[in-house]
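The chain contents come next:
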Amino acid sequence: NKEKTLAIIKPDGLLGNYTDDIKKTILESGFCILKEKRVQLDEDTVASFYAEHSSKNFFASLIKYMTSGSVLVMILEKENAIADWRALMGPTDARKAKTTHPHSIRAMCGLDTERNCVHGSDSIKSAQREISFFFRELSADVVTEHD
Ligand code: CMP
């Protein structure tokens, strides 16, 4: 079963020149990058993308961070893409990632719980939502394909 997930290289990833390394790691791990686009997000777009975090104490800071520079949004595809991309990213807290998952992308490129360099959908449902959020021309039902 091929699966699609949404990946984002966040502003700290682009500004830190980690994009090529991250994409190389993605491809070497067996993902196809089906689509990608670089976008400068505005506050409303980030607030709506991260709506589930709107009541969190870090929400304002998250909006500031995610609008601090452009991001690279990608659709990744492979078998088990959602879980595998999350495993490749490592834990949310990049400081923790450095000790527990030293080869993960967040260990290599991230700084802390907020500036963690990359994003990945956490379930089939959020992958469908997040892919159609950024790539409206793709209908939600193409996210999971069964062969
Ligand atoms: P992400 O996986 O994209 O989902 C929500 C984002 O909010 C997360 O990565 C971090 O960038 C940020 N985040 C999550 N938890 C915290 C926290 N405790 N403090 C600050 N930022 C956080």
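Small disclaimer: the values here were computed from a predicted structure and weren't measured. (Residues numbered from 1 in each chain as written. Predicted model: local features only at pLDDT ≥ 70, side-chain atom pairs only at ≥ 80, totals over all residues.)

(A) Structural detail: the confidence of the model for the protein chain. Looking at the protein chain as a whole, its pLDDT mean stands at 94, while 93% of the residues score no less than 70. Within the model, pLDDT remains below 50 along residues 140-147, and this stretch shows 13 contacts once partners closer than five positions in the same chain are excluded. Both scores are given for the predicted complex: the pTM is 0.93, the ipTM 0.96. (pLDDT = per-residue confidence, 0-100. Contact = placed C-beta atoms within 7 Å.)

(B) Spatial organisation of the UniProt feature "active site" (unreviewed entry) in the protein chain. This chain's UniProt record puts "active site" (unreviewed entry) on H119. Counting through the fold element by element, H119 comes out in strand 4 (residues 118-120). Contacts of H119, omitting those with residues within four sequence positions, involve A7, I8 and K10. (UniProt positions renumbered as here; feature names shortened; annotations may be inferred. Helix = DSSP H or I, 4+ residues; strand = E, 2+ residues; numbered from the N terminus.)

(C) Summary view of the UniProt feature "binding site: ATP" (unreviewed entry) in the protein chain. Look at the UniProt record and you will see "binding site: ATP" (unreviewed entry) annotated at K10, F58, R86, T92, R106 and N116. The topology assignment puts R86 in helix 5 (residues 81-89). In contact with R86, other than residues within four places in its own chain, are G120 and D122. Note that R106 resides in helix 7 (residues 105-109). Non-local contacts of R106, meaning those with residues more than four positions away in its chain, are made with M89, G90, P91, A94, A97, N116, C117 and V118.

(D) Geometry of the site of the ligand. Around the ligand lies a shell formed by Y50, H53, F58, L62, T92, T113, E114, N116 and H119. Grouping the constituent residues of the shell around the ligand by class yields three nonpolar, five polar and one charged. (Near = placed C-beta within 6 Å. Nonpolar A, V, L, I, M, F, W, Y, C, P; charged D, E, K, R; others polar.)

(E) Seen up close, the nonpolar core. Grouped together as the largest cluster of nonpolar side chains are 31 residues, with contacts concentrated most on I8, L76 and V118. Elements represented by at least two residues in this core include exactly strand 1 (2-9), helix 2 (19-28), helix 4 (59-66), strand 3 (71-79), helix 5, helix 6 (94-100), helix 7 and helix 8 (124-134). With six residues, the top contributor of residues to this core is strand 3. Among all residues touching L76, those that are not within four sequence positions of it are K4, T5, A7, I26, F31, I33, A81 and W85. (Core = buried A, V, L, I, M, F, W, Y, C linked by C-beta atoms within 7 Å. Buried ≥ 20, exposed ≤ 12 C-beta atoms within 10 Å, placed from the backbone.)

(F) Here's a closer look at the environment of H119. For H119, a count of 22 C-beta atoms within 10 Å gives the class buried. Along the primary structure H119 and C109 are separated by ten residues, whereas in three dimensions their C-alpha atoms are 12 Å apart.

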